[in-house]
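Now for the letters of each chain:
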Amino acid sequence: MFSVRLMMKIALLGVSLGLSGCDGITDDLLPSGDDIRQTVEAGTSGTQVGQIPPDFSVLDTLGNSRGLYDELTRSTGVVLYFTMWCPICETHMSHMRAEVMPQFPAVQFFLVDFVSGSVAASRAAQVSNKYEDIDTLVDSNQALLSLYQASMGTTVVIDSAGNIVRMNEDYKDSVKLVETLQALP
Amino acid sequence: MKKANSGHCVSTQVPCGLLLGAALLFSSSSWSASCCGGGSATSLVLPKFSKSMVNIAFDIESYDGYWDGDGTYHNDQPGDDLNQYRLNLGYAHRLASRWQAAIVAPYVWNSNQYSGLSSNTNGLGDMTLGLTYEAFDGIKCVWKVRDWRDLIPAAYFGVALTVPTGISPYDNVANNFDITGRGFYRLDGNILLDKTIYPWNASLLFSYGKYLERDVNTEYGKPVEPYKKELGDRVLGTATFGYTHFLDNMDTMTFSLSYSRLQEDEVSYDGRPYAGSEIEKNSVGLILAYSTMNRDWVYKLNISHAFPEDGQGQNFPVTDIVTLGVSHVFR
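Cut-off values and rules
- Residues numbered from 1 in each chain as written.
- Chains lettered and ligands numbered in written order.
- Predicted model: local features only at pLDDT ≥ 70, side-chain atom pairs only at ≥ 80, totals over all residues.
- Helix = DSSP H or I, 4+ residues; strand = E, 2+ residues; numbered from the N terminus.
- Buried ≥ 20, exposed ≤ 12 C-beta atoms within 10 Å, placed from the backbone.
- Contact = placed C-beta atoms within 7 Å.
- Arc of directions from axis to C-beta.
- Core = buried A, V, L, I, M, F, W, Y, C linked by C-beta atoms within 7 Å.
- Nonpolar A, V, L, I, M, F, W, Y, C, P; charged D, E, K, R; others polar.
- Pairing = 2+ DSSP bridges.
- Axes fitted to C-alpha atoms, helices over the stretch in contact; angles between N-to-C directions.
- pLDDT = per-residue confidence, 0-100.

A tally of regular secondary structure across chain A gives 7 helices and 7 strands. Its helices and strands in sequence order give chain A the pattern α-α-β-β-α-β-α-β-α-β-α-β-β-α, from N to C terminus. Considering chain A as a whole, with its 185 residues, one finds that 40% of them fall into the buried category.

Moving on to the overall build of chain B. Looking only at helices and strands, chain B features 1 helix and 20 strands. Relative to its full complement of 331 residues, chain B shows a buried share of 50%. A fraction of 67% describes how many contacts in chain B between residues 6 or more apart in sequence connect residues 24 or more apart.

In this section: helix α5 (residues 119-128) of chain A. All names here are of chain A. Taken residue by residue, α5 has A121, S122, A125 and Q126 as its buried positions. Projected onto a plane normal to the axis of α5, the buried residues spread over an arc of 135° and lie on a single side. Set apart from the buried face of α5 by more than 90 degrees, the exposed residues are A120 and V127. Turning to α5, the residues buried within the fold contact β4 (107-113) and β5 (136-138).

Turning our attention to the nonpolar core. The nonpolar side chains of a soluble globular protein tend to be buried with one another. Core analysis: the biggest nonpolar cluster contains 43 residues, and Y81, F110 and V112 of chain A have the highest contact counts within it. Residues within four places of V112 of chain A in sequence aside, it is in contact with L80, Y81, F82, T83, L137, D139 and L144 of chain A. If you look at the next biggest cluster of nonpolar residues, it comprises 20 residues, including V45, A102, A105 and A154 of chain B.

As a further point, take the interface of chain A and chain B. The interface of chain A with chain B comprises 48 residues on the first partner and 51 residues on the second. For the side of chain A that touches chain B, the secondary structure elements donating two or more residues are α1 (2-20), α2 (26-29), α4 (87-100), α5 and β7 (165-170) of chain A. Taken together, the residues that form the side of chain A that touches chain B break down as 21 nonpolar, 17 polar and 10 charged.

We now examine the sheet that holds strand β15 (residues 268-269) of chain B. Taken together, 4 strands build an open sheet; the order of strands is β11-β12-β15-β16 (chain B) and the sheet is antiparallel. Both edges of this open sheet fall to β11 (214-219) and β16 (272-273) of chain B, since each of them pairs with a single strand only.

What follows covers the sheet that holds β4 of chain A. Residues and elements named next belong to chain A. The 5 strands are arranged β5-β4-β3-β6-β7 in an open sheet whose pairing can be described as mixed. Both outer strands of the open sheet, β5 and β7, are each paired with one neighbouring strand and no more. Taking each pair of neighbouring strands and ignoring which way they run, the sheet shows an average axis angle of 20°. Here β4 pairs with β5 via 3 bridges, running parallel. From the neighbouring strand, D113 faces β5, where its bridge partner is V138.

Another aspect to go through is the pairing of strand β6 (residues 127-134) of chain B. Residues and elements named next belong to chain B. Judged from the 6 bridges that link them, strand β4 (residues 99-114) and β6 form a sheet pairing that is antiparallel. Residue pairing in the sheet places A101 in a bridge with L131 of β6. Direction of pairing for β6 relative to strand β8 (residues 154-163): antiparallel, over a ladder of 8 bridges. If you follow Y133 over to β8, its bridge partner there is F157.

Our next topic: the confidence of the model for chain B. Residues and elements named next belong to chain B. Of all residues in chain B, 86% attain a pLDDT of 70 or more, and the chain-wide mean is 86. The element-level mean pLDDT for chain B is lowest in helix α1 (residues 6-29), coming to 43, with β15 highest at 96. Note on residues 20-31: pLDDT under 50 across the span, and 51 contacts to partners over four residues away in sequence or across chains. Low pLDDT, under 50, characterises residues 37-41; the stretch is placed with 39 contacts to residues that sit more than four places away or in other chains. Here the complex is predicted with pTM 0.86, and the ipTM for its interfaces comes to 0.81.

Written out as structure tokens, the structure is:
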């Protein structure tokens, strides 16, 4: 009987601790459709939609230095897709390669590997996942991840006409990405 | 071999149901995977002729690559070590002779070393509330088939509601390896058929789940343009075949093998299906269960294995899961 009571106490304690320890738990229980994005002033420096992003220079998986504004001079726009080589990323990346990239040959697409930590490790991940055909940036110290307030699956579009961020959100089903790229000047 | 009599038959129905309850809990835990949320169970089934039951189970889930959208297997990088641990607390209560209810609450720990990224997070998983109807009154476990009626299986019809109490991608979390739940309500309809002709046992579980569409205005802690998202309908099937060995003191050891298949349809955004986002996973399992003579304590070990090879899954991590559990029945 002691064991039974002990088990029930442990169960109740576990549930209580779990519920009390989860901040924002009601976000999923009662999800909101309100737009809670902060408005930014168009044309200011920043990485949100409407802003002008600061330049960056990082190595790709072949060891070449790649700068944002250099790339923008050679294309109609730059797309950054933040990947951690997980199944959901793979779904997005394969979809982007098959369905989106062929439509926009003048746009420079980059995968941004923010988990591998080094050029060698990132190249190994790129090769093993069979994405040698998409230029991959090595965000070894997660500087780009932090700069763009990105996470797994975040997709950023920057146009070359005004160097403006046109999109910065999850890839989802690519509809928003395609619309954004079609609207590039 | 023990002879059947009415008293014995009543007692043997108890472990029958207990193992069956364990099978439900175990089979569903095969589908957690931290990148897809974790911890929710289909439901917990209370044995016949008992008032309530407490179940505690601990899962150790280890990752071994993933299947892409074409079903091609991809190995993890050297140095990657991805694990999820879950403590599942369950309670089932009899409401009437044929009706029972259950609740399962998982607590989840993620422990991931992914090349240059290390993360350790924990939190409550998605909880499950279950209501089950037993379509039988008598004993369905027999020692010998004397009549066609002895072949009728025990049939359970249930509904289960998954409540998104876990940490989801729509909460303040860095990436999918840190989540403990999927963030969606899901309603499952479950059918379980179980037949025991001692010492053999077979069961079939079929579950169909429907996710509820939800609003999303935050992804990984960052506010985004609001949209609606719905996960695809979910189908789970599990077949289990087992053998029960009676020890001299009338305790029992049951050995079972299982095969499970899970499928989820494509995700929808604002009502638009996203082709290529379907999920699939096949796995096999080995279950060892030890039940005391009084059939009120059951100790379980379950090993679930997914084959790291092409064609065994789609858009899903390949994982092995070891589960240790104990159940206690109140009569």
